[in-house]
Each structure stands twice: as structure tokens, then as C-alpha cells.
Amino acid sequence: MGGTGSTARTAPGAGPALTPPACAAIVAVAAVLAYLTSFQGAFQLDDYKVILSDPAALSWSGWIADLGRGIRPLLKLSYVITWATGLGLFGFHLVNLLIHAGASILALGIARRLMETAAPGNTGAGLPAALFAALLFALHPIQTEAVTYVSGRSSSLMALLYLASLAAYITGRVERRPLFTHALSPALFLLALAVKETAATLPAALLLWETTRPDRTVPLREAIRSQAVHWAVAALGLAALAATPGHRFLLAYSFGLRSVCDNLLSQIHGQVTLHSHYLLPGRLTFDPDLPVVSGWSRRLALEAALLAAALAAGLWNRARRPLVSFAILWVFLHSAAVYAAVPRTDILNERHLYLGGFGL
């Protein structure tokens, strides 16, 4: 993103300067080394349903027959391609690991761009901070489920395309490259939607970046106009999802699980519990037993106040500390805003926090 070949300057006699390619290599190697043991993992739980028992994930003919009827066609296509390599389970883990490494490198590029906009004119100032942010994204234990659980690919692959779309948009806006803003970024957004429906939040993420960028010199109305193609893709994509029998069945099933009110109350406790794992990652669990909450309690009121305070901090700092605001509101956008809307069998799983982890 934006001058990846530039270098960070150092004083005479100092050690070697960090460069963007070197930082990308560090992040990629760190991600791979951290998850080498993941290749020992077996198929489990949803893997049997969505990969081993779904004809659309097993063969080209099955995938083609599922088009227009099933859900997440690009995700299933990735499973078919993985099977086609002949590498079996090893291939699935290998692809998942490569996806995570790629997403981590994109996190580096976006973080670097965010830091540069906070310190215009000093292109190397934010590179160490961006490297730290990318390593935190790549190595934080809460990302484990999205990487090592084969079915967790739905979260990581969507995040890869989502971050790529965001990176293309930012590059297009900052460097005045219309093809990046109006063509490449929307195309990547469409692919992300074809992996997982929660990618529909991307236009809101673009708006978040526009409203928190320290170097914003154009009116918000112009910024919104630059996102017109993204909003059109979101509208058409959601309409297509609503017209697909597989998605209609999924929505009917989801809203039959519990009422909207109960889901919102349950999400308050679920969000606080799982987000605390960012700070206390020793309590991670593959299958969190989060309860369905049907009424208020003192604990739930306290948790709601905690979430409200965090959200208020994000909004309050929008002009004062834009990067802090971006980070906080990014987490809310990719967790609370998404999973409070549609009930799920599990209140929340750690793999659903994968993309939100960039805000950390």
C-alpha cells in the first residue's frame, strides 16, 4: 500500500532501517511459525457438515449445481480447490495458514497507512508501530480458532478480502487513483460477500475511516460519494442473498432460535466475556458455553454500562484522538453491530472476533 518500496530513515551510525518489505517478511514468518503445529489438527464439529458432507464443497460438479441455491459460494469454491490439490487435511491447514499470513500483511499495510495519515510528511515514522500492530493481529491467541479450525476459514478468508478491499480504497483515496477506489475495492468487496455475509459492513468501515482520518481535507459528502459503488454492491449483494433459498432458510432458522430482545441481552454478556479474552487470552475456549439471557440483572447492567462507555469513548475521541476512535469503533462494528443483529446457535465464538482483532 502506497510506496511499499520506501524506507524508514535512521541516523548515521544507527542499525539497519526497517523497510516495508522487511516488515512484511517478519509478519509472514511470525504467523507461519506460530501455527506450524496446527497441521496436526483433525476435522471436527462443523467441518463434517460444511466440508465433508456438503457436495458443493467436495467437487466441481457439486459446486456448480449449488450455485444460486446454497450459501457462501466463494468459500465453498475454496474448499473444492483445496480438495483438488490432493493434499487432503494438510492442504486445508496450509491454505488456512496462508490466508492468515496474507491478512496479517494487509493489517500491516493498513496500519502503516493509518500511522502515516496521523503524521503526514514522515513516511517512516509509523512503521515500527504498524509492525507491532500487525504482529499483534498475527500472533494474538484469540485468532487461533479462525486459523486452526478448518471451518474457521469463513472468518479468515472473508477478512483477507475485506482488508484487501479497505486497503485498495484507502490507496485510491490518498493517492487519487480512481480505479482502486471505484473498481478494485468494490470487486474485492463483492468477493468478500461471497465468502461470508458479515462482509456487508464494509461500506460502514470505509465511512469510519473517512470520518476518523486525521488528514481529512475533503467534505464528508464527497467522501460518501466516493463510496457509491460499494453501497450499490452491498445493496445488490444483500438482495441476492435474500433471493437465495439457502440464505432464506438460514435466516428463518436463525430468527427462530430466540427473540431479538433475548439475543440483544445475550450479546451484551457474550461481547463482554469474549472481548475480555483480548486481555486475558489464557481463558480461550473452542466452544464457549454462553447462556441465553432473557432479563436484566445487576451484572448485565454493569456489562451494558461498560460497553456503552467504550462506545462513548470511541465517539468522543473521533476529533481528538482519531486513531483511538477508529480502533474502538472498528471493534464495535465487527462484533456487536454484526452479531447482535441475527441470532446464532452459539451466542458468539472466538473466530467471529478475528476481523475485529485488527482494532486491538
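Right above here is the structure, for reference.
Just so you know, these numbers come straight off a predicted model, no measurement behind them.

Cut-offs used in this document
Residues numbered from 1 in each chain as written. Predicted model: local features only at pLDDT ≥ 70, side-chain atom pairs only at ≥ 80, totals over all residues. Heavy atoms only, no water. Salt bridge = Lys/Arg side-chain N within 4 Å of Asp/Glu carboxyl O. Helix = DSSP H or I, 4+ residues; strand = E, 2+ residues; numbered from the N terminus. Buried < 20%, exposed > 50% of the residue type's maximum accessible area, 1.4 Å probe, protein only. Contact = heavy atoms within 4.5 Å. Axes fitted to C-alpha atoms, helices over the stretch in contact; angles between N-to-C directions. Parallel < 35°, antiparallel > 145°, perpendicular 65-115°, else oblique. Nonpolar A, V, L, I, M, F, W, Y, C, P; charged D, E, K, R; others polar. Expected span 1.5 Å × (residues − 1). Arc of directions from axis to C-beta.

**Some words on the pattern of salt bridges**
When the charged atoms of two side chains lie near each other, side chains of opposite charge can form a pair. Going through the model one piece at a time under the given rule, you end up with eleven salt bridges. Residues Arg-351 and Glu-145 are paired through a salt bridge, measuring 2.5 Å at the closest nitrogen-oxygen approach. A residue pair is termed long-range when its members are at least 10 positions apart, and Arg-351 in the segment after helix H17 (336-339) and Glu-145 in helix H7 (residues 144-148) qualify at 206 residues. Across the pair, exposure class does not vary: Arg-351 and Glu-145 are buried alike.

**Some points on the environment of Leu-241**
Tracing the backbone through its elements, the reader meets Leu-241 in helix H12 (residues 228-243). Between the C-alpha atoms of Leu-241 and Glu-197, which are 44 residues apart in sequence, the distance is 8.2 Å. What Leu-241 contacts, discounting residues up to four positions off in sequence, is Glu-197 and His-247.

**What about the packing of helix H8 (residues 153-174) against helix H9 (residues 178-195)?**
Two elements in contact, H8 and H9, have axes separated by 8 Å at closest approach and are oriented at 170°. Here H8 is positioned roughly antiparallel relative to H9, judged by the angle of their axes. Each of Ser-154, Leu-157, Met-158, Leu-161, Tyr-162, Ala-164, Ser-165, Ala-168, Tyr-169, Thr-171, Gly-172 and Arg-173 in H8 lies in contact with H9, whose residues at this interface are Phe-180, Thr-181, Leu-184, Ser-185, Leu-188, Phe-189, Leu-191, Ala-192 and Val-195. For the contact of H8 with H9, the per-class residue count stands at 14 nonpolar, six polar and one charged.

**Considerations on helix H15 (residues 298-316)**
Across its 19 residues, H15 extends 26 Å between first and last C-alpha, which sits within 8% of the 27 Å expected from 1.5 Å per residue. Within H15, the full set of buried residues consists of Leu-300, Glu-303, Ala-304 and Gly-314. Projected down its long axis, H15 shows its buried positions confined to an angular sector of 100°, all on one face. Residues of H15 that are exposed and angled more than 90 degrees away from the buried face: Arg-298, Leu-302, Leu-306 and Trp-316. Where H15 is buried, its residues contact helix H14 (260-279) and helix H16 (322-333).

**Section: the side chain of Gln-267**
Looking at the secondary structure, you find Gln-267 in helix H14. Relative accessible area serves as the criterion here: at 3%, Gln-267 is assigned to the buried category. Setting aside chain neighbours within four positions, we find Gln-267 in contact with Tyr-339, Ala-340, Ile-347 and Leu-348.

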